[in-house]
Amino acid sequence: MERLRQIKGAIFDLDGTLLDSMGIWEQIDARFLERRGIPLPPDYAEAVKAMEFSQAAEYTIRRFGLQETPQALMEEWTALSQQAYARQIELKPGAKEYLAQLAEQGVLLGIATSATEELFIPALRHNGVWDLFAAHTTTGQVARGKGFPDIYWATAEKLGLRPEECAVFEDILPGVQGARQGGFLTVGVYDPYSEAQWEQMQKEASLCIRSFEELLGQPV
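Residues numbered from 1 in each chain as written. Predicted model: local features only at pLDDT ≥ 70, side-chain atom pairs only at ≥ 80, totals over all residues. Heavy atoms only, no water.

## Regarding the state of the cysteines
Cut-off, in case you're wondering: Criterion for a disulfide: a pair of cysteine sulfur atoms within 2.5 Å. Each residue gets one of three labels from its accessible area relative to the maximum for its type: buried under 20%, exposed over 50%, partly exposed in between, using a 1.4 Å probe on protein chains only.
Considering all chains together, one arrives at zero disulfides under this definition. Not part of a disulfide, Cys166 finds its nearest cysteine sulfur in Cys208, a span of 19 Å. The exposure class assigned to Cys166 is buried, which follows from its relative accessible area of 0%.

So, in structure tokens, the structure goes:
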């Protein structure tokens, strides 16, 4: 944990990292495709998880030959997911306590997510942590996705910090790789839905944790 003692900022992905939400997305994907008579392919969730919302919509239209617009898909996904995010989705074990610990120690907190504000702001408010964050950036606000540093650079800039002063917490390998390329300390966070990437993430991230509970009580 020594390497986390020098950070001034902590930038968090949400789905699968702070929010225990990946199972909800699989349910939403299955329901969305079921309405069109299409079974959920086993690789679909993995294919879209690092994409920005509009990119995921375009990919879905191409893959399944849908005669719908990306906007129509995004509106349907949003309607299906808004209630779940506002009322059902919880933080991962130890996450709330760890966020509070960082804030108490003067670490600035930021968000870097592929989710839209309509989803993640109600979820964070529901869990009582929204006010702890000083900045947020979505993949829709930057040129490239999570395999590149853009979203993390943008969030660090909003926090008034340099990349080397920040740790990025991610549950997916492309996120860890993109943040590392940008000069950030990287923390891989285990999620069952990213199990296939876990071994490689342990090799590439500065630090890996299975639970935020491992970090409680550690000074920064």
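More follows now that the structure is in view.
## Considering the packing of aromatic side chains
Where we set the bar: Stacked, tilted and edge-to-face pairs are distinguished by plane angle, under 30 degrees for stacked and over 60 for edge-to-face with tilted covering the rest, among Phe, Tyr and Trp rings (Trp via its six-membered ring) whose centres lie within 6.5 Å. Here a strand is any run of E in DSSP of at least two residues, a helix any run of H or I of at least four, and the numbering for each starts at the N terminus. A ring has a charge above it when a Lys NZ or an Arg CZ is no more than 6 Å from the ring centre and no more than 35 degrees off the ring normal.
All chains considered together, the criterion is met by 14 aromatic pairs. The interplanar angle of 55° and the centroid separation of 5.6 Å between the aromatic rings of Phe53 and Trp77 together place this pair among those described as tilted. Of this pair, Phe53 sits in helix 3 (residues 53–64) while Trp77 sits in helix 4 (residues 70–87), and the two are 24 residues apart along the sequence. For the pair formed by Phe53 and Trp77, the shared burial category is buried. Ring centres 6.1 Å apart and planes at 35° place the aromatic pair Phe169 and Phe212 in the tilted group. Taken together, the positions of Phe169 in strand 4 (residues 166–170) and Phe212 in the segment after strand 6 (207–209) put the pair 43 residues apart, joining distant regions of the chain. Side by side, Phe169 and Phe212 carry an identical accessibility label, which is buried. Three or more aromatic residues link up through ring pairs in this structure, and these residues are Trp25, Phe32, Phe53, Trp77 and Tyr85. Geometry around Phe32 places Arg36 over its ring, the cationic atom sitting 3.8 Å from the centre. In this structure, Arg210 is placed above the aromatic ring of Tyr190, and the distance from its NZ or CZ to the ring centre is 4.3 Å.

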